[in-house]
Amino acid sequence: MLTNYVYKLRPNRTQSSKMSAWIDMLRSQYNWCLGDRICQYSQQFIQGDYCDIRTKGEASPLTCFVSKSGATGNPWKDSKLNKEGKARNPRRSAGDIQITALPELKMARPWYSGIDSTVLQQNVKRLDIAYKNFFEGRGFPKFKNRSNFTSFTFVMGIKIKGNKIYLPKLGWMRFYNSRSIPDGFTIKACAVRKRQNGWYVSIRIEDKSVPEYSATAVGDSPKVIGCDLGITKLVHLSDGYQIKNPKLSTNKKAKRTLKIRQRRVSRKTKGSKNRKKAAIQVGKFHQKISDKRQAYQWKAANLIVSRNVDVIAIEDLNISGMMRRCKVKSDEKTGRFLKNGQSRKKGLNRAIFDASWGDLGLKIEYLAAKQGKIVIKVNPKHSSQECRNCGHIDQSNRDGEKFICVECGYHEHADIGAAKTIRDRALKMVRGDSAKLGVQHLNAQKISPRRTGKRGEFGNLSNQDIKNEIS
Ligand SMILES: [Zn+2]
């Protein structure tokens, strides 16, 4: 089994300033590598082919390090032969080329040799992952700035003794040993991350003898619970149970505190030390909120999963689609911009962000897998507009919390009704292929509660759907 344990580090002054410097250097390396790959791609469209005489590889006359045929490095390095006895294709991926270029980087910029070499390699591999995500349909890799590049990874030479951890080129560092690593687990890697209130290390540990969590088979009549996610209440369950939404960052008090702290920043001279100090206070407040949210979500997920059921049905929401900005409206004659409702939507988007349903869903999946339960994602389309008595779908069926069918007069609590609809849809899916679901193995690593940018299968809800979904 592969899992992650997170600890807070206690670096000394030299270590923490060294790590800050590393992050700055690694960020510029990352950005340079990304820039080079973009540059190489755009050079392909230059008219005519260019050939490197030595390697016979297609090359560009311009200056990019990465080449299309991947042959800028040493083509003879790959000494293994293929089945026909010929040298294997010397083509290498952009990541491989950039990794082999690291010694040159260290020669040209000697301060980079202060960084552990595996950290530099992992930094290039991080870009590979970003590209892989892009080819799988997520966004194009971004150039990083200080706020979104805050970590680096070690894969070798990590040692732990008591409350001290050894990180190559940083030395022994103390940490808060808040829970001990279980026996039999070996350290595979560790990521050091800078957060507002200090440094954290996330240690990846593995024990192959412990099996991954897997779901148990469900019978013909499994107990299913449906969850309807919302904003007024965070979760409505189909058995009538409700979980409150604490609105950690959108309640009145939090908004006021944030406003005051942000005002303190903007009133101070730009570039001054005091402004920096005030900005740190804003950051600390944000971190406090996010820590609280994490804790609350684990509790909520635990409540849902520990109910006496076999299958948990949750909505498959396209959250990024819901949070998209309203389309621009403009006057055809004058070209002036008209009101498009974005300012109204802004508050809604913040509420959606605050509820962070995606993270909650991941936590539910993780805990469910741990207990051998199954999570099914259900298409939530019209789940709160459909009549459960006659099947009539109409927007006007719904009036706030009440659901009254315009066709047959059936009425109930709207959100609990929606949760029941979700439960019934899941039940249909389970009956359809219960055998298939029974053997489904859930990989704990794949569903570890981390932020993923994956798009939902059922995307593109209309604005009306979104309104119904959250109210
Ligand atoms: Zn009806």
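Here is what the cut-offs are and how they apply
Residues numbered from 1 in each chain as written. Predicted model: local features only at pLDDT ≥ 70, side-chain atom pairs only at ≥ 80, totals over all residues. Heavy atoms only, no water. Buried < 20%, exposed > 50% of the residue type's maximum accessible area, 1.4 Å probe, protein only. Helix = DSSP H or I, 4+ residues; strand = E, 2+ residues; numbered from the N terminus. Pairing = 2+ DSSP bridges. Patch = residues over 30% accessible without salt bridge, like charges linked within 9 Å, V, L, I, M, F, W, Y side chains within 5 Å. Areas by Shrake-Rupley, 256 points an atom, 1.4 Å probe, with all protein chains shown as cover. Salt bridge = Lys/Arg side-chain N within 4 Å of Asp/Glu carboxyl O. Lys, Arg positive; Asp, Glu negative; His and termini not counted. Charge placed at Lys NZ, Arg CZ, Asp CG, Glu CD. Donors = N, O, S within 2.8 Å, 3.2 Å for Na, K, Ca; no water. Tetrahedral: all angles 85-135°; square planar, octahedral: opposite > 155°, others 65-115°. 1 Å grid on protein atoms, 1.4 Å probe; cavity = no way out; pocket = protein on both sides within 12 Å on 5 of 7 lines; lining within 4 Å. Points joined across faces, edges and corners; volume = space filled by probe spheres on them. Phe/Tyr/Trp six-rings, centres within 6.5 Å; stacked < 30°, edge-to-face > 60°. Lys NZ or Arg CZ within 6 Å of the ring centre and 35° of its normal. Expected span 1.5 Å × (residues − 1). pLDDT = per-residue confidence, 0-100. Contact = heavy atoms within 4.5 Å.

*Asks:* Break down the pairing of strand 9 (residues 233-237) for me, with residues and values.
*Replies:* Of all 5 residues making up strand 9, 4 are buried, and the element is well covered by its neighbours. Following strand 8 (residues 224-229), the chain reverses through 3 residues before pairing antiparallel with strand 9. Sheet analysis places strand 9 next to strand 10 (residues 242-244), joined by 3 bridges and oriented antiparallel. Its bridge partner lying in strand 10, His236 is registered against Gln242. Once strand 9 ends, the chain turns through 4 residues before running back antiparallel as strand 10, passing Gly240 with a positive phi of about 95°.

*Asks:* Explain a positive patch on the surface to me, and be specific about the residues and the numbers.
*Replies:* A cluster of like positive charges, contributed by Arg256, Lys259, Arg263, Arg264, Arg267 and Lys268, occupies part of the molecular surface. With respect to the helices and strands, Arg267 occurs in the loop between helix 5 (252-266) and helix 6 (273-305). On the accessibility criterion, Arg267 (67% relative accessible area) is exposed.

*Asks:* Mind laying out the coordination of the zinc ion, listing which residues take part and the relevant values?
*Replies:* Distances from the zinc ion to its protein donors, Cys387 (SG), Cys390 (SG), Cys405 (SG) and Cys408 (SG), fall at 2.2 to 2.4 Å. What the 4 donor atoms of the zinc ion show is an angle range of 106 to 112° at the metal, which sorts the shape as tetrahedral. Within one chain, the residues serving as donors to the zinc ion are arranged as C-x2-C-x14-C-x2-C. Separated by 21 residues along the polypeptide, Cys387 in the loop between strand 14 (374-378) and strand 15 (398-399) and Cys408 in the loop between strand 16 (402-404) and strand 17 (411-413) bring together distant segments of the chain.

*Asks:* Break down the sheet that holds strand 15 for me, with residues and values.
*Replies:* Strand order in this open sheet of 3 strands is 15-16-17, and the pairing throughout is antiparallel. Each of the sheet's edge strands pairs with one partner strand only, and the pair in question is strand 15 and strand 17. Of the pairings in the sheet, the one linking strand 15 to strand 16 comprises 2 bridges and is antiparallel in character. When the bridges of strand 16 are listed, Asp399 appears paired with Lys402.

*Asks:* I'd like to hear about the layout of surface pockets, residue by residue, with values.
*Replies:* Reported here for the second largest pocket is a volume of approximately 370 Å³. Forming the boundary of the second largest pocket are 14 residues, of which Arg37, Gln40, Ala94, Tyr131 and Phe135 lie nearest the centre. Those elements that provide at least two residues to the lining of the second largest pocket are helix 1 (13-43), helix 2 (94-100) and helix 4 (117-135).

*Asks:* Now, about the packing of aromatic side chains: what can you tell me, with residues and values included?
*Replies:* Per the stated rule, a full pass over the model turns up 11 aromatic pairs. Seen from their ring centres, Trp22 and Phe152 are 5.4 Å apart, and the 55° between their planes marks the pair as tilted. Here Trp22 is found in helix 1, whereas its partner Phe152 is found in strand 2 (residues 151-154), with 130 residues between them in sequence. An angle of 40° between the planes, with centres 6.0 Å apart, marks the rings of Tyr131 and Phe135 as tilted. In this pair, Tyr131 and Phe135 are both assigned in helix 4, 4 residues apart and thus about one turn of the helix distant. Put simply, the rings of Tyr131, Phe134, Phe135 and Phe140 pair up and form one aromatic cluster. Across the ring face of Tyr176, the terminal group of Arg10 is positioned such that the distance to the ring centre comes to 5.0 Å. Of note, Arg307 hangs over the ring of Tyr241, and the distance from its end group to the ring centre comes to 4.4 Å.

*Asks:* Tell me about helix 9 (residues 357-370), and name the residues and values.
*Replies:* Its 14 residues place the ends of helix 9 20 Å apart at the C-alpha level, agreeing with the 20 Å of an ideal helix rising 1.5 Å per residue. When you tally the buried positions in helix 9, you get 12 out of 14 residues, the bulk of the element. If you check which residues of helix 9 are buried, you get Trp357, Asp359, Leu360, Gly361, Leu362, Lys363, Ile364, Glu365, Tyr366, Leu367, Ala368 and Ala369. Immediately downstream of helix 9, the backbone of Gly372 shows phi near 75°, a positive value.

*Asks:* Now, about the confidence of the model for the chain: what can you tell me, with residues and values included?
*Replies:* Interpretation of this model should avoid reading the predicted coordinates in detail wherever pLDDT is low. Looking at the chain as a whole, its pLDDT mean stands at 82, while 80% of the residues score no less than 70. Least confident of the elements in the chain is helix 11 (residues 434-438), whose mean pLDDT is 46; most confident is strand 2, at 96. Counted against residues more than four places away or in other chains, residues 434-466, with its pLDDT under 50, gives 57 contacts.

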